[in-house]
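Listed below, chain by chain, are the residues.
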Amino acid sequence: MNDMNDIVVKDVDLLYEYSQHLHWAANDLAECYQKMKAHTNEVATQWNDSVSARFMQKLENEEHIILEIKDEFDNFGEFVKKRADIVQEYVDCGKNFNL
């Protein structure tokens, strides 16, 4: 059960920072994956055996997992930012936020 009365925000700046870090992590994950995939393709042209071929196939088949994780990080980062925006509105009105 989600009890909204248990939510206490003590530091809105920390929420904004966390949101930004989630977006950075999402972008870094996607970028690192693409670099690793390109490097793997390059190496595979020089070294080709059944083990590397299976790895390449697995890499291709499971790319959607990396993209799903990236999307989850981005989505949660956006959710956190929206929550921080709400908190900031309360603070701007001179209120303490304790939802």
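Rules behind the numbers
Residues numbered from 1 in each chain as written. Predicted model: local features only at pLDDT ≥ 70, side-chain atom pairs only at ≥ 80, totals over all residues. Heavy atoms only, no water. Helix = DSSP H or I, 4+ residues; strand = E, 2+ residues; numbered from the N terminus. Buried < 20%, exposed > 50% of the residue type's maximum accessible area, 1.4 Å probe, protein only. Contact = heavy atoms within 4.5 Å. Areas by Shrake-Rupley, 256 points an atom, 1.4 Å probe, with all protein chains shown as cover. Phe/Tyr/Trp six-rings, centres within 6.5 Å; stacked < 30°, edge-to-face > 60°. Expected span 1.5 Å × (residues − 1). Polar contact = N/O pair within 3.5 Å; in protein donor to acceptor, adjacent residues only side chain to side chain.

Trainee: With reference to specific residues and values, describe the overall build of the protein chain.
Mentor: Across its full length, the protein chain carries three helices and zero strands. Each helix and strand of the protein chain, ordered N terminal to C terminal, gives the series α-α-α. Within the protein chain, buried positions represent 21% of all 99 residues. Partitioning the contacts of the protein chain with sequence separation of at least 6, the portion at a separation of at least 24 is 77%. As displayed, the protein chain offers around 7,600 Å² of accessible surface, 55% of which is attributable to carbon and sulfur atoms.

Trainee: Help me get a handle on the side chain of Lys 37, residues and values and all.
Mentor: As for its placement among the helices and strands, Lys 37 is situated in helix α1 (residues 12–46). The contacts of Lys 37, once residues within four sequence positions are left out, are Leu 59, Glu 60 and Glu 63.

Trainee: Lay out the packing of aromatic side chains with the relevant residues and their values.
Mentor: Tallied over the entire structure, the rule returns two aromatic pairs. Arranged with centres 6.2 Å apart and planes meeting at 80°, the rings of Tyr 18 and Phe 76 form a pair that is edge-to-face. Here Tyr 18 is found in helix α1, whereas its partner Phe 76 is found in helix α3 (residues 63–92), with 58 residues between them in sequence. What makes Tyr 18 partly exposed here is its relative accessible area of 40%. A relative accessible area of 39% places Phe 76 in the partly exposed class. Measuring from ring centre to ring centre gives 5.8 Å for Phe 76 and Phe 79, while their planes differ by 25°; the resulting arrangement is stacked. Residue Phe 76 and its partner Phe 79 are both found in helix α3; the two are separated by three residues, about one turn of the helix. Residue classification places Phe 79 among the partly exposed residues on the basis of a relative accessible area of 42%. Members of the aromatic cluster, joined through ring pairs, are Tyr 18, Phe 76 and Phe 79.

Trainee: Run through the side chain of Lys 70, naming residues and quoting values.
Mentor: As for its position among the elements, Lys 70 is in helix α3. Relative accessible area serves as the criterion here: at 18%, Lys 70 is assigned to the buried category. If we ignore the near neighbours within four places in the chain, the residues touching Lys 70 are Ala 26, Asn 27, Leu 29 and Ala 30.

Trainee: I'd like a description of α1, backed by residues and values.
Mentor: Relative to the 51 Å expected for 35 residues at 1.5 Å per residue, α1 spans 51 Å between its end C-alpha atoms, a close match to the ideal helical length. Among all positions of α1, only Val 12, Ser 19, Leu 22, His 23, Ala 26, Ala 30, Tyr 33, Lys 37 and Thr 40 are buried. Lining the buried residues of α1 we find α2 (50–61) and α3. Backbone nitrogen of Asp 13 and a side-chain oxygen of the N-cap are separated by 3.0 Å at the start of α1; the cap is Asp 11.

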